[in-house]
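# Architecture and fold: a report
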Amino acid sequence: MKYIQLLILTLLFPAVVFAQKTTADSLYLYNQDFRTINYIIQSGTGLLSSDISKLSTVSLNYQQANGHFRTAQQAEKSKTIDLATSGITTLGRFKLYGTFNFNRSWQDSLAWTMQGLPNIAEPYYYAAGKAGKYHRLRYTMGGLVTYQLPGENFYIASGLDYQYNDASRSVDPRPSIQTFHLLVSPELIYKKEKHSIGAGLLWGYEQEKNSIGYKNRDFNQGLSYPDRVTYLMMGYGYYTIGGSDKIERESDFFGLNLNYAYVDSITTLRTRFAYKQQKEDNFFPLANSTTNRLFSSFLLNDYRFSILASQQHTSFRHQLQAVVNYQKGNDRNVELGGVNYRYSSYTAQLGYSIQPFSTSSVNYEFGFNGLLYNQQQKDISAAHTVDFTYFKPGIQATLYKKYQNADRLKVSLSPAVRLPVSSSFTVPAAQVNVFTTNIAYPAYTYNTSTVGSVDGTVEYITSHFIKDVRSGLAIHSSYYKPLTTGTVYTGSTFIPSKSFLDLSFSFNIYF
Amino acid sequence: MKYLSKFMIVATLILGLASCKKDNNDDVQPVSLSIKLAFDAENAGFGFTYEKTTVKITNLTTNQTYNATAAADGTVTFASIAPGNYDLAATLAITAADFNAKTGANAQEDVTYNGTLTRQSIIANGDINLVLKTGRVGDFVIKQIYYAGSSAANGAIFRDQFFEIYNNSNATLYADSLYFAQVIGNNTAATRVDLTRGIFQTSGQYDWGKSVNMTSANPNSAFIYAKTVFMIPGTGKQYPVEPGKSIIIAATAQNHQSPFVGADGKAITVKDPSLTVDLSKADFEVYLGDQTNINPLASDVNNPNVPNVTVIDNNTNRDLILDNLGRDGLVLFKTTADPKTWPKFATPDDTEITIDTKQYIQVPIQYIIDGVSLQQTVVASRIPKRLPDVLDASETYIPAGSYSSQSVVRKTNRTVGGRVVLKDTNNSGSDFGYLPKADPSKAATSFIN
């Protein structure tokens, strides 16, 4: 029992350490504040620029998602249990942010990808046509520490991000994937009056072990059962056929970031530019040897620029959020002697919301947002090229009600529509293969569909569940339905259709 | 609004930067491969022309093949192929008349020259030399090998394995004292072999020259190393095999489609008899139940109606167990010597010889009548080739893989007076096809074109 208590205390560490006596529920309740919290924890500059000195939450979530409107590489059904704690506190010259997340998920009818952590850009992964149940376990820990140097204006900070992920499934072929990564991001910050400016670096390392096993010998190393065949994908259409097998990968991360914040009593402006480079090497472990053989590398450059600006007036507060993200990557296939796979994507996102202040118990928030997304993938050997762009405009309306006993209610609704802007997919008929018909065609149908979506949230916060502690229940839902089906190719083995519903329930404690 | 305009400026800059076109000079490009053929030293002076030499190259990732025919000067060019690792195989058939005229020999059948290179990295335009050699064309040939076995869940797994030896000549031959052996080799997928260990050839196969106590010249090309050796018994002319006839060697000569009682007294059954075969009428069986150096398999039941082969060296194997995955090789040989007196060597990864070290009989290739190299079906698992080119230029395998009930079977070359002459060019990759279900009947159904 002592061990269980110790475990619970350890898991709740961020919340326990950072707990404050004043309630923090409103900061998590109001969308604009919630966005601000999520923004400031990205950098020491952001954390320092905020006047939030103490804040903590513990959250237990249950999520389930199911539906046939998905790609062939997504699960038909999934369930997730998630325990998350996070908090901010200030201790003398230190200001800290910490987070811990334990996530356990079960996925059903997932086929054509055996990735440990789903990554659309990644060209090297195992896949099989047999749909099966996956079990995933993920621990994430991280935080930020800032320290005020003598002289008042300078601060040093460092972020830390640790993750361990384990994925496996119980039908042949049986993948077993363990991923571990650690990122460190030191930062130097100059703060004077209302301005904060910081520059930081990022280093990191990731290691992943992938192995494929079979229990039924009939399925291993043969082609009699096509859905049990394991493919090693090596691009966007280029692959080889394997059986029981192993690969290992190691990634080095390097990055830099610039952060700026302006905060006064009326206006807050926060911006961040971050560059991150991931250099991934993929290896075949050699038999009876401590040596591995490099068979491919993958380089991914990620550029992200974001702004979060808020302005407070006597009768309303409005907020603007914008993000531009650009990713570009390519592989280097040792066997082919060059670059076989190229990937790029960009996201441009703009959101605006306004929250009028009211003396009544009911408040509202209205907003709109737009997302422009483009993705390109090219496999030279397999002669597959895909390029699509969609635009997703949406509106958002939220009602906040405060009861006399200080209980709070939030009801939010965000309808949106995803509109294909341009798209093309080319593959010569002679090079249509297993990847094309089972993965690329369905993905293209999915990404070229016009989709209507509605996100909804109902959240209730009260002190009645736990005496003198603010806690709340929340229900979040996201519903997607194709309004028109995208391009469907003859030979496609999977057609995204019907709808997809993502529903989560959470119990949150605020300190 | 001023924030929005600043954001748009930065966004435009980033997207503009992103859209900058760059020359993708590193992109994979099709390459040109030029192959220069040459005969080996023994055959270089006969004046054979290269013109009808066919060259096949096989991509070891995609399994895609390219074919071309040589020019008169022995050059073959593949102008635009995907870069990658390739197996190269060249074959030249010379008519018996032409061969005899130029060599003064008295060949009865066409003579085939083969040249192979395995796992060649071709990532840039380049030239490769390929040497054509000829091997012995056997009178006894291996016609069929059923190594896959049948379903582990519903069939007989490996109990029902067999192979078939065929008289491909026009004279009656005697199977008496005919030896057959399984060839030991490195079973690791070629892409997973650590060549830096110093015990492998560049192909990934064992470098037998590195074996403890090895003194033989040309240990990799002049010998094969047998993990098992068996001999068909007989008095000399006890087991005649007529032209166009064959004999079946069964691992266990039982009707595997019906239940039978194992050596432990328990019934051995299959759920789906249609997956397996009746070997109760096999000509010979490998029975190891009386061997003292092993714990015999319960399924290795002696059929008194089927003669047992003589065990020369079972090397602790518990039956004739062909590798279900295809990591095996089978040879036939005849010799007046006693193979038990031939030297034995451990694989080169064994650096110390103890009483428990497995050692393998070194079989000189001049005694070998026929050899067939098997291979994994799945491309990523392909192993290094284990037979020298003069015995078998390239491997064969079944398309469906292990436990599929399929067998590899030699193709029919022609029919002479009702006698089927099987294709034998010492190149199993082209000599063999497959049967969807192994067929030990010796009937017409067991032949393919």
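Residues numbered from 1 in each chain as written. Chains lettered and ligands numbered in written order. Predicted model: local features only at pLDDT ≥ 70, side-chain atom pairs only at ≥ 80, totals over all residues. Heavy atoms only, no water.

## What about the overall build of chain A?
Along chain A, the regular secondary structure elements total six helices and 21 strands. The C-alpha radius of gyration of chain A comes to 24 Å, within 12% of the 24 Å expected for a compact globule of 511 residues. Principal-axis analysis of the C-alpha atoms gives chain A an extent of 70 × 50 × 50 Å. Scored against the burial criterion, the 511 residues of chain A give a buried share of 52%. When the accessible surface of chain A is split by element, carbon and sulfur atoms take 60% of a total near 22100 Å². Charge centroids of chain A, computed over 46 positive and 35 negative side chains, lie 4 Å from each other. (Helix = DSSP H or I, 4+ residues; strand = E, 2+ residues; numbered from the N terminus. Rg over C-alpha atoms; globule rule 2.2 N^0.38 Å. Buried < 20%, exposed > 50% of the residue type's maximum accessible area, 1.4 Å probe, protein only. Areas by Shrake-Rupley, 256 points an atom, 1.4 Å probe, with all protein chains shown as cover. Lys, Arg positive; Asp, Glu negative; His and termini not counted. Charge placed at Lys NZ, Arg CZ, Asp CG, Glu CD.)

## Some details on the nonpolar core
Residue and element names in this part refer to chain B. Residues Ile145 and Ile232 are the most contacted members of the largest nonpolar core, which totals 33 residues. Mapped by element, the contributors of at least two residues to this core are strand 8 (140-146), strand 9 (162-167), strand 14 (246-250), strand 19 (329-333) and strand 22 (368-373). For this core, the leading source of residues is strand 8, giving three residues. Apart from residues lying up to four places away in sequence, Ile232 is in contact with Ile165, Ala175, Asp176, Ser177, Leu178, Phe180, Tyr239, Ile247, Ile249, Phe284 and Val309. (Core = buried A, V, L, I, M, F, W, Y, C linked by side-chain atoms within 4.5 Å. Contact = heavy atoms within 4.5 Å.)

## Focus on the pattern of salt bridges
Evaluation of the coordinates by the stated rule reveals 23 salt bridges over all chains. Here B:Arg192 ties to A:Asp245 by a salt bridge, and the two come within 2.2 Å at their closest N and O atoms. Of the two residues, B:Arg192 sits in the loop between strand 11 (179-183) and strand 12 (223-231) while A:Asp245 sits in strand 11 (residues 245-263), which places them in two different chains. Overall, the relative accessible area of 8% leaves B:Arg192 in the buried class. A:Asp245 sits in the buried class, given a relative accessible area of 12%. Notably, a salt bridge pairs B:Arg410 with B:Asp370, separated by 2.8 Å at the nearest N-O pair. Here B:Arg410 is found in strand 23 (residues 407-410), whereas its partner B:Asp370 is found in strand 22, with 40 residues between them in sequence. (Salt bridge = Lys/Arg side-chain N within 4 Å of Asp/Glu carboxyl O.)

## Looking at the interface of chain B and chain A
Of the residues lining the interface, 44 residues belong to chain B; the matching set on chain A comes to 50 residues. Overall, the association of chain B and chain A removes approximately 4000 Å² of surface from exposure, summing both partners, and the carbon and sulfur fraction of that is 58%. Where chain B touches chain A, the interface holds three salt bridges. If you look at where chain B meets chain A, you find 19 residue pairs in polar contact (both at pLDDT 80 or more). Elements that contribute at least two residues to the side of chain B that touches chain A include exactly helix 1 (2-19) and strand 5 (84-94) of chain B. Broken down by element, the side of chain B that touches chain A gets its largest block of residues, eight residues, from helix 1 of chain B. Across the side of chain B that touches chain A, the residue classes tally to 25 nonpolar, 14 polar and five charged. (Buried area = accessible area lost by both parts, 1.4 Å probe. Polar contact = N/O pair within 3.5 Å; in protein donor to acceptor, adjacent residues only side chain to side chain. Nonpolar A, V, L, I, M, F, W, Y, C, P; charged D, E, K, R; others polar.)

## Topic: a nonpolar patch on the surface
Residue and element names in this part refer to chain A. Nonpolar side chains collect at one region of the surface, where Phe154, Ile156, Leu188, Tyr190 and Ile197 lie side by side and expose about 430 Å² of accessible area between them. Breaking the nonpolar patch down by element, the ones donating at least two residues are strand 6 (154-169) and strand 7 (174-192). By the secondary structure assignment, Leu188 is in strand 7. Assessed through its relative accessible area of 45%, Leu188 is described here as partly exposed. (Patch = residues over 30% accessible without salt bridge, like charges linked within 9 Å, V, L, I, M, F, W, Y side chains within 5 Å.)

## Structural notes on the environment of B:Ile247
All names here are of chain B. Along the chain, Ile247 falls in strand 14. Ile247 sits in the buried class, given a relative accessible area of 7%. Linking Ile247 and Ile353, residues 106 residues apart in sequence, is a C-alpha distance of 38 Å. In this view, Ile247 contacts Phe163, Glu164, Ile165, Ala175, Ile232, Val241, Asp283, Phe284 and Lys442; residues no more than four positions away in its chain are not counted.

## Digging into the side chain of A:Thr267
By the secondary structure assignment, A:Thr267 is in strand 12 (residues 267-285). The class of A:Thr267 is buried, set by a relative accessible area of 8%.

## So, the pairing of strand 3 (residues 94-110) of chain A
Residues and elements named next belong to chain A. Judged from the 15 bridges that link them, strand 2 (residues 77-91) and strand 3 form a sheet pairing that is antiparallel. Counted as the bridge partner of Ser78 is Gln107 from strand 3. Connecting strand 2 to the next strand, strand 3, in antiparallel fashion are two residues, including Gly92 with a positive phi near 60°. The pairing of strand 3 with strand 5 (residues 132-148) spans 15 bridges and is classified as antiparallel. Each bridged residue has a counterpart across the sheet, and for Lys95 the counterpart in strand 5 is Thr146. (Pairing = 2+ DSSP bridges.)

## Considerations on the sheet that holds strand 9 (residues 230-234) of chain A
Residue and element names in this part refer to chain A. Here we have three strands laid out as an open sheet, ordered 4-9-10, and antiparallel in their pairing. Since the sheet does not close on itself, it has two edges, and those belong to strand 4 (124-127) and strand 10 (239-242), each with one partner. Across the sheet, the mean angle separating the axes of adjacent strands is 20° when strand polarity is ignored. Summarising the sheet, strand 9 and strand 10 pair through four bridges and their orientation is antiparallel. (Axes fitted to C-alpha atoms, helices over the stretch in contact; angles between N-to-C directions.)

## Topic: the confidence of the model for chain A
Residue and element names in this part refer to chain A. Looking at chain A as a whole, the pLDDT averages 93, with 95% of positions reaching at least 70. Confidence drops under a pLDDT of 50 for residues 1-14, and excluding neighbours within four residues, the segment shows twelve contacts in the predicted structure. Confidence over residues 16-22 falls short of pLDDT 50; this stretch has 16 contacts with residues more than four positions distant or in other chains. (pLDDT = per-residue confidence, 0-100.)

## Looking at the sheet that holds strand 7 (residues 126-134) of chain B
All names here are of chain B. Taking strand neighbours across the sheet as the criterion, the seven strands line up as 3-2-5-6-7-1-4 in an open arrangement whose pairing is mixed. Looking at strand neighbours, the two that pair on one side only are strand 3 (65-69) and strand 4 (75-81), the edges of this open sheet. Pairs of neighbouring strands in the sheet enclose a mean axial angle of 20°, with direction left out of account. Note: strand 5 against strand 6 (residues 111-122), ten bridges, orientation antiparallel. Among the inter-strand pairings, Thr91 is bridged to a residue of strand 6, identified as Asn114.

## Some details on helix 4 (residues 31-40) of chain A
In terms of burial, helix 4 of chain A is a largely internal element, seven of the ten residues being buried. Restricting attention to buried positions, one finds in helix 4 of chain A the residues A:Asn31, A:Gln32, A:Asp33, A:Thr36, A:Ile37, A:Tyr39 and A:Ile40.

## Quick word on the environment of B:Phe200
Residue and element names in this part refer to chain B. Structurally, Phe200 is set in the loop between strand 11 and strand 12. Considering only alpha carbons, one finds Phe200 and Ala93, 107 residues apart in sequence, at a separation of 32 Å. Setting aside its immediate chain neighbours within four residues, Phe200 contacts Asn186, Val193, Asp194, Leu195, Gln205, Tyr206 and Asp207.

## A word on the pairing of strand 1 (residues 31-39) of chain B
When a strand is regular, its side chains alternate between the sheet's two faces. Residues and elements named next belong to chain B. As defined by bridge partners, strand 1 adjoins strand 4 across five bridges and the pair is classed as antiparallel. Following the sheet pairing, Ile35 is matched in strand 4 by Val76. Note: strand 1 against strand 7, seven bridges, orientation parallel. Looking at strand 7, one finds that Ala38 is bridged to Val131.

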